[in-house]
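Next come the chains, spelled out residue by residue.
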Amino acid sequence: MEINAKSVWSSCLSIIRDNIDHQSFKTWFDPIKALKLDDNVLTIQVPSQFFYEWLEEHYINLLRKTIKKELGLNGRLEYSIVMDNAVNKQDQYSIIIPTSNRSAKNNQDVSMPINLSSSSKTIPDPFIIPGIQKVKVNSQLVERYSFENFIEGDCNRLARSAGLAIGKNPGKTAFNPLFIYSKVGLGKSHLAHAIGLEVKNNFPEKTILYVTADQFMAQYIESVRNNNQTDFTNFYQLIDVLIIDDIQFLAGKDKTQDVFFHIFNQLHQRSKQLVITSDKPPVDIEGMEPRLLSRFKWGLTADLQLPDLETRIAILQKRLYNDGITMPENVIEYLAYSIISNIRELEGAMISVLAQASLNKKEINLDLARQIVENFVRNTNKEISIDYIQKIVSEYFGLTVDQMNSKTRKRNIVQARQLAMFFAKTHTKTSLTSIGLHCGNKDHATVLHACKTVQNLIETDKEFKGYADDLEKKIKL
Ligand code: ADP
Ligand code: MG
């Protein structure tokens with residue numbers, strides 16, 4: 001058989017394949033092309049500088065032995081690196097791997113240092129701070145979301161202590177990945193940042209990256225558009241602690257899931273830490289590849305539950321303390337007592353109280369808190385939809401929704417329909433056109449007319465006002 005670059009490399013590959021796991025093989029050896037064989041020097045082409053460095057760092061011994069086996073003692077390996085920015089242009093670094101094992105000193109002499117200065121290129125990525133020699137990743141961590149500011153409670157004990165353990169020992173605990181889930185506003189993002197900040201504190205040299213799943217996807221799509229997916233995946237190989245927030249966003253995004261799967265594997269394999277958050281436990285995320293879901297369960301899955309009253313109070317107090325603001329105890333308690341299902345809303349209500357008090361030069365007291373909580377609960381907790389309004393109104397008049405929306409001109413039906421339009425206008429943000437479409441395919445002028453008529457009748461017709469008041473109460477219930 002003729003001995004050429006391809007056949008030699010292919011023999012090398014079969015040895016390499018037996019010595020490393022499948023995923024690493026696919027990642028690091030599949031993309032290599034054998035270019036030429038000259039005088040026992042085999043030249044292989046690698047996709048990027050990073051790729052070359054990676055091979056050097058992790059597979060040099062294996063490569064050395066393999067080349068020796070295939071090409072004998074004089075065999076050598078050279079790399080040719082594809083420069084991403086200049087199509088067709090290839091940089092021959094002539095990095096030579098000696099086939100015999102030498103002492104460390106000699107070794108240094110032989111394997112030439114690669115020139116990283118002028119011809120080197122940083123991996124183009126939005127998270128990289130430009131102008132810094134060593135590739136530096138902007139971690140995107142928010143200082144405020146620290147463990148110090150994360151109040152401990154029964155609701156978060158497991159997730160919090162797992163997070164702290166990771167902070168001390170990223171990648172080396174059993175919690176890899178750490179999968180945190182909860183409903184919205186219960187502290188997932190905060191805890192995820194806290195873990196990153198803790199690692200940063202304890203290991204300043206480690207590279208940490210916080211990204212939301214949608215940033216991750218946008219970045220990936222951008223790389224596809226610019227035809228530099230390799231840079232994208234290579235960039236993620238630099239990360240020691242990768243935090244992906246709101247992974248449920250990748251549901252149904254097959255391509256992005258696919259790249260994430262590979263990135264996950266590569267990082268996990270090298271004991272890099274992964275922290276993932278989601279608004280649902282893995283079993284409930286639909287549209288996610290089973291192989292990804294199963295990986296999410298490799299480490300620890302921990303949920304954040306609703307905080308109890310004491311924890312809610314402590315959260316508010318901490319926030320006030322940090323901002324150097326005082327608030328009467330009874331107001332804090334009232335807020336914590338009233339808003340239970342979402343910490344973000346709880347904080348929002350508190351901020352609202354502070355804002356109202358300072359804008360209107362009012363005293364911060366229970367009355368003010370009551371007003372704000374009332375508005376707050378009404379505005380935020382209840383998403384009133386047109387469908388819901390139609391259901392309430394039609395039931396109230398003993399009609400079905402279809403009857404109410406039919407073309408008939410019967411007075412009682414017309415009135416019911418007009419009331420439904422009126423409440424849709426006053427309680428939802430839906431446009432007149434859209435309300436019309438929902439209410440028997442009417443145009444926006446008809447809806448506007450209905451609203452005026454109802455307003456008129458409320459002012460002039462006692463019985464009608466009674467209906468409207470009843471309905472108003474039912475809708476807000
Ligand atoms: P999620 O990501 O689950 O929607 P966030 O992490 O954004 O929730 O949290 C919402 C708000 O509640 C943030 O301002 C966060 O600082 C605060 N918060 C949540 N849990 C705690 C906690 N245990 N201690 C202090 N603040 C908290
Ligand atoms: Mg969040």
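Coordinates for the structure precede this section.
Residues numbered from 1 in each chain as written. Chains lettered and ligands numbered in written order. Predicted model: local features only at pLDDT ≥ 70, side-chain atom pairs only at ≥ 80, totals over all residues. Heavy atoms only, no water.

Q: Looking at this model, I keep getting lost on the overall build of the chain. Mind explaining?
A: Summing up its helical and strand segments, the chain has 20 helices and 9 strands in all. Within the chain, the proportion of its 477 residues that are buried is 47%. Of the contacts made within the chain by residues no fewer than 6 positions apart, 70% connect residues no fewer than 24 positions apart. Carbon together with sulfur atoms contributes 51% to the accessible area of the chain, which is approximately 24800 Å² in total. (Helix = DSSP H or I, 4+ residues; strand = E, 2+ residues; numbered from the N terminus. Buried < 20%, exposed > 50% of the residue type's maximum accessible area, 1.4 Å probe, protein only. Contact = heavy atoms within 4.5 Å. Areas by Shrake-Rupley, 256 points an atom, 1.4 Å probe, with all protein chains shown as cover.)

Q: In this structure, what is going on with the site of ligand 1? I would like to understand it.
A: Near ligand 1 there are 19 residues, and of these Ile-151, Gly-185, His-190, Arg-344 and Glu-347 occur at the shortest range. Between ligand 1 and Ile-151, the relevant distance is 2.8 Å, taken from a nitrogen atom to a main-chain nitrogen or oxygen of the residue. At a separation of 2.7 Å, an oxygen atom of ligand 1 approaches a polar side-chain atom of Arg-344. Out of a free accessible area of 560 Å², ligand 1 has 94% covered by protein chains. Of all the elements in the fold, those that place two or more residues in the shell around ligand 1 are α6 (188-202) and α13 (343-359). A breakdown of the residues in the shell around ligand 1 according to their chemical character gives 7 nonpolar, 7 polar and 5 charged. When residues of the shell around ligand 1 are sorted by domain, at least three fall in each of domain 2 (157-303) and domain 3 (309-376). (Near = heavy atom within 4 Å. Polar contact = N/O pair within 3.5 Å; in protein donor to acceptor, adjacent residues only side chain to side chain. Nonpolar A, V, L, I, M, F, W, Y, C, P; charged D, E, K, R; others polar. Domains from an automatic or database assignment.)

Q: Even after reading the chapter, I still don't get the pairing of strand β9 (residues 300-303), so can you show me in this structure?
A: In the case of a regular strand, side chains alternate between the two sheet surfaces. Across the two faces of β9 the burial differs, with Leu-300 and Ala-302 buried and Thr-301 and Asp-303 not buried at all. Direction of pairing for strand β5 (residues 178-181) relative to β9: parallel, over a ladder of 4 bridges. By the bridge assignment, Leu-178 is partnered in β9 with Leu-300. (Pairing = 2+ DSSP bridges.)

Q: Sorry, what's going on with the side chain of Arg-312 here?
A: The residue Arg-312 is located in helix α11 (residues 309-323) in this model. Summary of buried charges: Arg-312 has no salt-bridge partner, and the nearest side chain of opposite charge, Asp-308, is 6.2 Å away. Here the side chain of Arg-312 touches Ile-339 through a polar contact of 3.5 Å, landing on its backbone oxygen. (Lys, Arg positive; Asp, Glu negative; His and termini not counted. Salt bridge = Lys/Arg side-chain N within 4 Å of Asp/Glu carboxyl O.)

Q: Could you clarify how one ought to interpret the packing of aromatic side chains in this entry?
A: What describes a pair of aromatic rings is the distance from one ring centre to the other and the angle between the planes of the rings. Taken as a whole and judged by the stated rule, the model has 16 aromatic pairs. Ring geometry for Phe-29 and Tyr-59: centres 5.2 Å apart, planes at 70°, overall edge-to-face. Here Phe-29 is found in helix α2 (residues 22-29), whereas its partner Tyr-59 is found in helix α3 (residues 49-71), with 30 residues between them in sequence. Here Phe-29 matches Tyr-59 in class, with each residue buried. Ring centres of Phe-216 and Tyr-236 lie 5.1 Å apart, and the angle between their planes is 75°; on these two criteria the pair is classed as edge-to-face. Pair noted here: Phe-216 is in helix α7 (residues 213-225) and Tyr-236 is in helix α8 (residues 229-237), with a separation of 20 residues, a long-range link. When sorted by exposure, Phe-216 lands in the same class as Tyr-236, which is buried. Members of the aromatic cluster, connected to one another through ring pairs, are Phe-179, Phe-216, Tyr-220, Phe-232, Phe-235, Tyr-236, Phe-260, Phe-264, Phe-296 and Trp-298. Here the basic side chain of Lys-253 rests over the ring of Phe-249, its NZ or CZ set 4.1 Å away from the ring centre. (Phe/Tyr/Trp six-rings, centres within 6.5 Å; stacked < 30°, edge-to-face > 60°. Lys NZ or Arg CZ within 6 Å of the ring centre and 35° of its normal.)

Q: I tried to follow the sheet that holds β9 on my own but got confused; where do I start?
A: Across a sheet, paired strands are connected by hydrogen bonds in the backbone, their directions being either parallel or antiparallel. Ordered in space as β6-β7-β8-β5-β9, the 5 strands form an open sheet in which the pairing is parallel. Two strands bound the open sheet, and with one partner strand each, they are β6 (208-212) and β9. Strand-to-strand twist across the sheet, computed as the mean angle between neighbouring axes with direction ignored, equals 15°. Summarising the sheet, β5 and strand β8 (residues 273-278) pair through 4 bridges and their orientation is parallel. When the bridges of β8 are listed, Leu-178 appears paired with Val-275. The sheet contacts of α7 involve β6 and β7 (241-245), and relative to β6 the element is tilted by about 95°. (Axes fitted to C-alpha atoms, helices over the stretch in contact; angles between N-to-C directions.)

Q: Teacher, can you tell me more about the pattern of salt bridges here?
A: One pass over the structure, following the stated rule, counts 14 salt bridges. In this structure, the salt-bridge partner of Lys-391 is Glu-395, at a minimum N-O distance of 3.8 Å. Of this pair, Lys-391 and Glu-395 both sit in helix α15 (residues 386-396), separated by 4 residues, roughly a single helical turn. Under the relative-accessibility criterion, Lys-391 is labelled partly exposed at 43%.

Q: Mind showing me how you'd approach α13 here?
A: Count 3.6 residues to each turn of an α-helix, and residues three or four apart come out pointing the same way. The end-to-end C-alpha distance of α13 is 24 Å, a good match for the 24 Å that 17 residues give at a rise of 1.5 Å each. Burial in α13 covers these residues: Ile-343, Glu-345, Leu-346, Glu-347, Ala-349, Met-350, Val-353, Leu-354 and Ala-357. At the N-terminal end of α13, a side-chain oxygen is found 2.8 Å from the backbone nitrogen of Arg-344, two or three residues along, and the residue is Asn-342. Just downstream of α13, Lys-361 is the residue with a positive phi angle, here 50°. (Expected span 1.5 Å × (residues − 1).)

Q: I'm lost on helix α1 (residues 5-19) in this one. Help?
A: Its 15 residues place the ends of α1 21 Å apart at the C-alpha level, agreeing with the 21 Å of an ideal helix rising 1.5 Å per residue. Taken as a whole, α1 has its buried residues at Ala-5, Ser-7, Val-8, Trp-9, Cys-12, Leu-13, Ile-15 and Ile-16. Near the N-terminus of α1, the side chain that reaches the backbone nitrogen of Lys-6, with its oxygen 3.2 Å away, is that of Asn-4.

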